[in-house]
Amino acid sequence: GKHRGTNNIDVLDCWRKRTAGNLDKVKAILSIAYDWGIIELNEDDPVTVNAAGVEFPNYLGGEVTVDLIIEDAGQQQSLKSDFRDLVWNERSIYNIRPKLIGIGQSKKLPGDKRERLVGCTGLMESGKVRFNPWKFNKGHVAIKELMYFGTTTYADCVDAFTLGVHCLAKRLSIGTSD
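Remember, predicted model here, so these are calculated numbers, not experimental data.

Draft legend 1. Local environment of the layout of surface pockets. In this structure, the largest pocket encloses a volume near 2,100 Å³. Lining the largest pocket we find 50 residues, and of these D13, I32, L68, I69 and A160 sit closest to its centre. Of all elements in the fold, only β1 (9-11), α1 (22-35), β6 (66-71), β7 (96-101), α4 (141-147) and α5 (156-172) reach the threshold of two or more residues within the lining of the largest pocket. A total of 10 residues in the lining of the largest pocket trace back to one element, the largest contributor, which is α5.

Draft legend 2. Seen up close, the side chain of N95. On the secondary structure map, N95 appears in the loop between α2 (77-89) and β7. Within the structure, N95 has its side chain in polar contact with the backbone oxygen of I38 (distance 2.8 Å). Look past the residues within four positions of N95 in its chain and what remains in contact with it is I38, I39, G61, G62, V64, T65 and V66.

Draft legend 3. Summary view of α5. Given a rise of 1.5 Å per residue, 17 residues ought to cover 24 Å, and the 24 Å separating the end C-alpha atoms of α5 matches this to within 8%. Along α5, 12 of the 17 residues are buried, which leaves the element largely enclosed by surrounding structure. Within the span of α5, buried status applies to C157, V158, D159, F161, T162, L163, G164, V165, H166, C167, A169 and L172. Buried residues along α5 sit in contact with β1, β6, β7, α3 (113-125), β8 (129-131) and α4.

Draft legend 4. Seen up close, unusual backbone geometry. Despite not being glycine, S92 shows a phi value in the positive range, around 55 degrees. In this fold, S92 is placed in the loop between α2 and β7.

Draft legend 5. Up close: the packing of aromatic side chains. Counted by the stated rule, this structure contains 3 aromatic pairs. Arranged with centres 5.6 Å apart and planes meeting at 40 degrees, the rings of Y34 and Y59 form a pair that is tilted. With Y34 in helix α1 and Y59 in strand β5 (residues 59-60), the pair connects residues that are 25 residues apart, well separated along the chain. Both rings, one in W88 and one in Y94, keep their centres 6.1 Å apart while their planes meet at 55 degrees; by these two values the pair is tilted. Among the residues examined, W88 registers a relative accessible area of 19% and is labelled buried. Accessibility expressed as a relative area gives 52% for Y94, which makes it exposed.

Draft legend 6. Quick peek at the nonpolar core. Formed by 19 residues in total, the largest nonpolar core has its most connected members in I9, L123, V129, F136, F161, V165 and I174. Those elements giving two or more residues to this core turn out to be β1, α3, α4 and α5. Counting 17 residues, the second largest nonpolar core, distinct from the first, contains Y59, I70, W88 and I96.

Draft legend 7. Region of the structure containing the pairing of β6. Across 6 bridges, β6 lies against β7 in parallel orientation. Bridging across to β7, E71 finds its partner in I101. In this region the chain leaves β6, passes through α2 and returns to the parallel neighbour β7; the handedness of that crossover is right-handed.

Draft legend 8. Region of interest: the environment of A155. Mapping A155 onto the fold places it in the loop between α4 and α5. Judged by its relative accessible area of 17%, A155 falls in the buried class. Through-space distance from the C-alpha of A155 to that of R16 is 9.8 Å; in sequence the pair is 139 residues apart. Ignoring anything within four residues of it in the chain, the contact list for A155 reads K113, E145 and F149.

Draft legend 9. Region of interest: the packing of α1 against α2. It is the contact of α1 with α2, at a shortest axis distance of 10 Å, that shows an interaxial angle of 65 degrees. Regarding the angle of α1 to α2, the classification is roughly perpendicular. α2 is crossed by α1, and the crossing has right-handed handedness. Between α1, through N22, L23, K25, V26, I29 and L30, and α2, the contact on the second element is made entirely by S78, L79, D82, F83, L86 and V87. Within the contact of α1 with α2, the residues separate by chemical class into 8 nonpolar, 2 polar and 2 charged.

Conventions and cut-offs
- Each chain carries its own residue numbering, running from 1 in the written order of its sequence.
- Per-residue local features are limited, in this predicted model, to residues with pLDDT of at least 70; the limit for side-chain atom pairs, both in listing and counting, is 80 or more; totals at the level of whole chains, interfaces and linings are taken over all residues.
- For the side-chain quantities, the full set of heavy atoms in the structure was used; hydrogens and water were omitted.
- Grid points spaced at 1 Å over the protein atoms alone were grouped into cavities, where a 1.4 Å probe fits but cannot get out, and pockets, open sets with protein on both sides within 12 Å along at least five of seven lines, with lining residues defined by an atom within 4 Å of a point.
- Grid points are joined across faces, edges and corners, and a volume is the space filled by probe spheres set on the points.
- Strands are runs of DSSP state E lasting at least two residues, helices are runs of H or I lasting at least four, and both sets are numbered from the N terminus onward.
- Polar contacts, as used here, are pairs of N or O atoms within 3.5 Å; protein pairs need one atom able to donate a hydrogen and one able to accept it. Residues neighboring in sequence count only if both atoms are side-chain atoms.
- In this analysis, two residues are considered to be in contact whenever any of their non-hydrogen atoms come within 4.5 Å of each other.
- Take the number of residues in a helix, subtract one, and multiply by 1.5 Å to get its expected span.
- Exposed residues in this analysis have more than 50% of their type's maximum accessible area, buried residues have under 20%, and partly exposed residues fall in between, with area computed by a 1.4 Å probe over protein chains only.
- When the centres of two rings from Phe, Tyr and Trp lie within 6.5 Å, Trp using its six-membered ring, the rings pair. Their planes under 30 degrees apart give stacked, over 60 give edge-to-face, and anything left gives tilted.
- Buried residues of nine kinds, namely Ala, Val, Leu, Ile, Met, Phe, Trp, Tyr and Cys, make up a nonpolar core once their side-chain atoms join them within 4.5 Å.
- By this definition, two strands are paired if DSSP reports at least two bridges between them.
- The definition of a right-handed crossover adopted here requires that, viewed with the strands pointing away, the path from the first strand over the helix to the second runs clockwise.
- Interaxial angle, 0 to 180 degrees, is taken between N-to-C directions of lines fitted to C-alpha atoms, where a helix line uses only the stretch in contact.
- If an angle is under 35 degrees, it is roughly parallel; if it is over 145, roughly antiparallel; if it lies from 65 to 115, roughly perpendicular; otherwise it is oblique.
- When the near helix sits turned anticlockwise from the far one by under a right angle, the crossing is termed left-handed; a clockwise turn instead gives a right-handed crossing.
- Lys, Arg, Asp and Glu make up the charged group, whereas Ala, Val, Leu, Ile, Met, Phe, Trp, Tyr, Cys and Pro make up the nonpolar group; the residues left over, Gly among them, are polar.

Shape is all these values report; function is a separate question.
Below you can see the structure in the form of structure tokens.
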């Protein structure tokens with residue numbers, strides 16, 4: 001996010017989580033939002049059961065509005081509508097806004113993974129992208145993927161990082177090389 005009075009991008013957290021379906025993804029997203037104080041737990045009624053009989057933490061919306069950036073790719077496209085159904089319609093939490101962002105040819109973010117990562121290096125070198133020192137160290141999965149890109153088994157964190165940096169850089173009017 002944007003730090004008060006600066007045009008820096010602060011990377012607060014990054015998780016890699018394999019989930020079977022959108023319900024598990026939404027639960028994970030809300031758990032992260034709760035950890036970061038974006039939403040609150042309803043202390044009077046901490047657990048709800050949805051129409052399908054699934055228990056769900058009963059969160060309440062918060063004061064901070066955030067955009068949830070979702071890659072506009074096959075299996076992810078349904079996450080936006082499921083998120084709105086589960087979070088907006090069932091829980092009336094409106095301060096997390098899901099946004100689909102396309103990548104690749106003729107999309108908002110052109111190029112392949114390597115090109116998008118290279119496009120972020122100038123911001124990292126200039127100190128415009130800062131990592132949370134309490135969360136990230138050389139052993140963190142995201143740092144390993146960024147440092148050893150192309151040799152790691154996964155590149156999920158690199159995808160999330162470049163998608164977030166490109167979107168925030170555009171919003172803050174600071175440059176990435178596209």
